[in-house]
Structure formats: C-alpha cells, structure tokens
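Coordinates in review
The chain contents come next:
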Amino acid sequence: MDARQLKVEAARAALAHVSDGMRLGIGTGSTAEEFVRRLAEKVATGLTIIGVPTSERTATLCSELGVPLSTLEETPELDLTIDGADEIDPELTLIKGGGGALLREKIVAAASARMIVIADRSKMVETLGRFPLPIEVNPFGLRATEIAVAAAAGRLGLSGPVTLRMTGSQPFVTDGGHFILDASFGRIPDTRALSNALHAIPGVVEHGLFIGLASAAIIAGDGVQTVHAARKPGSSTDHDVA
Ligand SMILES: O=C[C@H](O)[C@H](O)[C@H](O)COP(=O)(O)O
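Residues numbered from 1 in each chain as written. Predicted model: local features only at pLDDT ≥ 70, side-chain atom pairs only at ≥ 80, totals over all residues. Heavy atoms only, no water.

Once that is clear, we can look at the overall build of the protein. Scanning the protein for helices and strands turns up six helices and 15 strands. Structurally, the protein occupies a C-alpha span of about 55 × 35 × 35 Å along its principal axes. The buried share of the protein, taken over its 242 residues, is 51%. Across the protein, every contact between residues at least 6 apart in sequence was considered, and the portion connecting residues at least 24 apart equals 75%. For the protein, the exposed area adds up to about 10,700 Å²; of that, 54% sits on carbon and sulfur atoms. (Helix = DSSP H or I, 4+ residues; strand = E, 2+ residues; numbered from the N terminus. Buried < 20%, exposed > 50% of the residue type's maximum accessible area, 1.4 Å probe, protein only. Contact = heavy atoms within 4.5 Å. Areas by Shrake-Rupley, 256 points an atom, 1.4 Å probe, with all protein chains shown as cover.)

Put into structure tokens, the structure is as follows:
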C-alpha cells in the first residue's frame, strides 16, 4: 500500500468516531484532506455534523465538498477534532505545523473534548525531533526572536539550524499573518521544557509541540491500529502554566 492509501485507511477508520450531531474540529494537511473527502461522502448521505476548520485551505475544501462549517465564535466547544501530525511519540505528544496551520490547529484541538490523530506509520517515532519543529512567530522583531529561540534551546542543550520558512523568495505567511521558523534541533528529550521556554519568548506566537492534547492516534500500516496515550498520571497539557 502506498503512502496515500495508508492515509485513506486512517481517515476512513476515523469516521467510525463521528456521529450525528457532532461539533467537529477538522484538521489540515494531506491526511486530514482524505478525512474531509470521506466525511463529505457521509454528509451527502445524511450525516449531520457541523465542522470548524483549522485553516483557510481546509475551509475551502469543506465548502467545495459540501461539509457544513461553523466558527469557534459561533461554536466554541467541540466534541472531537480529527487531524494529522508530522510526528507522534508513544505518549501521543505531537509535532505539527508542517503545513503551517499549527496555531489554528492547536486552538481548535484545545476547544475539543477529544482529539484523534490520523497518520500513516511513518509518523510514529520514539522521540520527537527528526521533523524540524515549526515555531510560529510575529514578523515584528524576527531576528531578535530567532536569536531568543536559539538561546532558549541552547539552555536546554538543544542546537541546530533555525530557518525562516519561505515560499519562493518570500517568507511563508500563516493564516494568522505570522511567519514560521523551522527548528532542526534533532531529538527533543524534554518537550515540556522546550514548550515552556518557547512560550516565554514574546515574539513566539505558538509552537508545533502538541502536549497532552491527543487522546488517541489511528495509525495505518499493516492494518489500522488505534494507539491510546500512554500518559503519566497528573501530567499536564502545553496550555498549563509551568
Ligand atoms: O500544519 C499542518 C498540519 O499540522 C498537518 O496536520 C501536518 O503537517 C501533517 O500533514 P500531512 O498529513 O500532510 O502529513
């Protein structure tokens, strides 16, 4: 089975968790798009849900396919979010933001009672960090923020290139009007410490570490497997104050 077929398998399995009347957060990326396509088929045959998209790209696809949409202003509490990820560790801590949608994705996931991640098995890792960590930053003071990010990482023993994401010759701009720094720190043994350190930098709007947000992951490989978070008792999310 090729990578796209695995994404389709995971997306299809996620549909089993969607029921009539649900308020649904809808993720961004190639795997989430496969979910939107399957969801649209169900909606066409009578499933009633209301979706809150995590990006303009997802909103456009939902509109094209007839998936009814709302906003977090109208529907601030959601039952379930289905989204992809760039990396997933055994505690279901994630790296997200490869498509630049991490800020809205995190806001939507945090407004949801549950988040289910859908992915092919290539996304599962023992320790996060092979995929560069996307960090969404305010364009104001970009160079100062880059230096602060590198310094904060250095205090945690992390180092590596921090590069501004580009689209052609221009910086990539997120739906929120921000830039993305991609931080190639390698293995991140303490995601909580890095999360706190990045949140303490004023120019950092949000980062792509999702800690304590995903309750399950549907992983397609040799068959489809549902992985539940192996969370330590009393552990917190990246929205808790350190
Ligand atoms: O910003 C994008 C999102 O976090 C995506 O969910 C993530 O990059 C995974 O995308 P894909 O399913 O295309 O690998």
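Near the ligand lie 16 residues; those nearest to it are Ser30, Thr31, Asp86, Glu105 and Lys123. With respect to the ligand, the backbone of Gly84 contributes an N or O atom lying 3.5 Å from an oxygen atom. Between Gly100 and the ligand, the recorded distance is 3.1 Å, taken from a backbone N or O atom to an oxygen atom. Taken by itself the ligand offers 370 Å² of open surface, and the protein chains cover 91% of this. Its residues placed into classes, the shell around the ligand shows two nonpolar, nine polar and five charged. (Near = heavy atom within 4 Å. Polar contact = N/O pair within 3.5 Å; in protein donor to acceptor, adjacent residues only side chain to side chain. Nonpolar A, V, L, I, M, F, W, Y, C, P; charged D, E, K, R; others polar.)

With 12 residues, helix α1 (residues 3-14) extends 17 Å between its outermost C-alpha atoms, agreeing within 8% with the 16 Å of an ideal straight helix rising 1.5 Å per residue. Among all positions of α1, only Leu6, Lys7, Val8, Ala10, Ala11 and Ala14 are buried. On the buried face of α1, the contacting elements are α2 (30-44), β3 (78-83), β6 (112-120) and β14 (216-221). Its side-chain oxygen placed 3.2 Å from the backbone nitrogen of Arg4, Asp2 serves as the N-cap of α1. (Expected span 1.5 Å × (residues − 1).)

Below, the discussion takes up the environment of Leu6. With respect to the helices, strands and loops of the structure, Leu6 is situated in helix α1. In the structure, Leu6 is positioned 218 residues away from Val224 in sequence and 8.7 Å away in space, judged by C-alpha atoms.

Attention shifts here to the confidence of the model for the protein. Scored by pLDDT, the protein has a mean of 95; 95% of the residues are at 70 or more. Two summary scores accompany this predicted model of the complex, namely pTM at 0.94 and ipTM at 0.98. (pLDDT = per-residue confidence, 0-100.)

Before going further, it helps to spend a moment on the UniProt feature "active site" (unreviewed entry) in the protein. With numbering aligned to this structure, UniProt lists the feature "active site" (unreviewed entry) at Glu105. Take Glu105: it is sitting in helix α4 (residues 102-110). Assessed through its relative accessible area of 2%, Glu105 is described here as buried. (UniProt positions renumbered as here; feature names shortened; annotations may be inferred.)

So, about the packing of aromatic side chains. According to the stated counting rule, one finds zero aromatic pairs in the structure shown. Above the face of the Phe210 ring, Lys96 is positioned so that its terminal group lies 5.7 Å from the ring centre. Cation over ring: Arg165 sits above Phe172, and NZ or CZ is 5.5 Å from the ring centre. (Phe/Tyr/Trp six-rings, centres within 6.5 Å; stacked < 30°, edge-to-face > 60°. Lys NZ or Arg CZ within 6 Å of the ring centre and 35° of its normal.)

Attention shifts here to the sheet that holds strand β7 (residues 133-137). Spatially, the four strands line up as an open sheet ordered β8-β11-β7-β12, and their pairing is antiparallel. Each edge of the open sheet carries a strand with a single partner, namely β8 (162-164) and β12 (204-207). Neighbour to neighbour, the strand axes of the sheet diverge by 30° on average, direction disregarded. Of the strand pairs in this sheet, β7 and β12 are connected by three bridges, and their pairing is antiparallel. The residue bridging Glu136 from the neighbouring strand is Glu206, located in β12. (Pairing = 2+ DSSP bridges. Axes fitted to C-alpha atoms, helices over the stretch in contact; angles between N-to-C directions.)

With that out of the way, let us pick up the side chain of Thr28. Topologically, Thr28 is positioned in the loop between β1 (23-26) and α2. The class of Thr28 is buried, set by a relative accessible area of 9%. At a separation of 2.7 Å, a polar atom in the side chain of Thr28 contacts the side chain of Thr54. Here the side chain of Thr28 touches Thr58 through a polar contact of 3.2 Å, side chain to side chain.

A few words now on the domain arrangement of the protein. Taken domain by domain, the protein consists of domain 1 (3-124 + 212-222) and domain 2 (133-203). Averaged C-alpha coordinates put domain 1 and domain 2 at centres separated by 25 Å. Facing the 12 residues of domain 1 at the interface are 11 residues of domain 2. Buried area between domain 1 and domain 2, both sides added, is near 830 Å², and the carbon and sulfur share of it is 58%. The largest contributions to the domain 1 side of the interface with domain 2 come from Ile95, Gly100 and Leu102, which together make up 41% of the buried area. The residue Asp175 makes a salt bridge to Arg104 at a minimum N-O spacing of 3.9 Å. (Domains from an automatic or database assignment. Buried area = accessible area lost by both parts, 1.4 Å probe. Salt bridge = Lys/Arg side-chain N within 4 Å of Asp/Glu carboxyl O.)

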